[in-house]
Amino acid sequence: MTPKLLILWVTMEFIVNMIFYFLNASFFKTQDNMKQGLIIRDVIKGSLERSLIMVGLLNNYPQVITAFAALKIGTRINDNEHKISNDYFLLGNIISLLAAIFLVVIYTH
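Residues numbered from 1 in each chain as written. Predicted model: local features only at pLDDT ≥ 70, side-chain atom pairs only at ≥ 80, totals over all residues. Heavy atoms only, no water.

Some points on the pattern of salt bridges
Step number 1: Inspection of every chain in the model, using the stated rule, returns 1 salt bridge.
Step number 2: Residue E13 is joined to R50 by a salt bridge in which the shortest nitrogen-to-oxygen separation is 2.8 Å. One end of the pair, E13, is in helix α1 (residues 3–27); the other, R50, is in helix α2 (residues 36–58), with 37 residues separating them in the sequence.
Step number 3: Note on E13: relative accessible area 6%, which makes it buried. (Salt bridge = Lys/Arg side-chain N within 4 Å of Asp/Glu carboxyl O. Helix = DSSP H or I, 4+ residues; strand = E, 2+ residues; numbered from the N terminus. Buried < 20%, exposed > 50% of the residue type's maximum accessible area, 1.4 Å probe, protein only.)

Shown next, in the form of structure tokens:
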């Protein structure tokens, strides 16, 4: 990983995680869903997701976006215990995809 890519990635992660923090605050009004452990877990999971997309795009494998979408859909089947709204789920995936694609575009140009 080059220094330029590392700086871009860290900056992107900070911005995206701030966006997700404020989305969480607006979608989940109670503090029960904003527990520290859940936030840290979501940050790590989101960073891994965006890294997967970024690595795939940087190596000219755009199919990684399809694979990512299939994995995300598969993890939501029969998940009644941790039900979240479809709007939040859609916004989260769109933000992750756009952030990874934006980073790749900046890095490659």
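From this point on, the discussion continues.
As for the side chain of S96
Step number 1: By the secondary structure assignment, S96 is in helix α4 (residues 86–108).
Step number 2: Owing to a relative accessible area of 2%, S96 belongs among the buried residues under this scheme.
Step number 3: A polar side-chain atom of S96 sits 3.0 Å from a polar atom in the side chain of R50.
Step number 4: Not counting the four nearest positions on each side in its chain, S96 is found in contact with F20, E49, R50 and I53. (Polar contact = N/O pair within 3.5 Å; in protein donor to acceptor, adjacent residues only side chain to side chain. Contact = heavy atoms within 4.5 Å.)

Observations concerning a nonpolar patch on the surface
Step number 1: Side chains of F14, I15, M18, I19, Y21 and F22 sit close together on the surface and give an oily, nonpolar patch of about 600 Å² of accessible area.
Step number 2: The topology assignment puts M18 in helix α1. (Patch = residues over 30% accessible without salt bridge, like charges linked within 9 Å, V, L, I, M, F, W, Y side chains within 5 Å. Areas by Shrake-Rupley, 256 points an atom, 1.4 Å probe, with all protein chains shown as cover.)

Here's the deal with the nonpolar core
Step number 1: Formed by 15 residues in total, the largest nonpolar core has its most connected members in M12, V16, F20, I53, M54, I95 and L103.
Step number 2: Listed by contribution, the elements that provide at least two residues to this core are α1, α2 and α4.
Step number 3: Here this core takes 6 residues from α1, the largest share from any one element.
Step number 4: Setting aside chain neighbours within four positions, we find M54 in contact with M1, L5, W9, A100, L103 and V104. (Core = buried A, V, L, I, M, F, W, Y, C linked by side-chain atoms within 4.5 Å.)

Let's talk about the confidence of the model for the chain
Step number 1: Chain-level statistics for the chain give a pLDDT mean of 77 and a share of 73% at 70 or above.
Step number 2: Taken element by element, the predicted model of the chain shows its lowest mean pLDDT in helix α3 (residues 63–76) (78) and its highest in α1 (85). (pLDDT = per-residue confidence, 0-100.)

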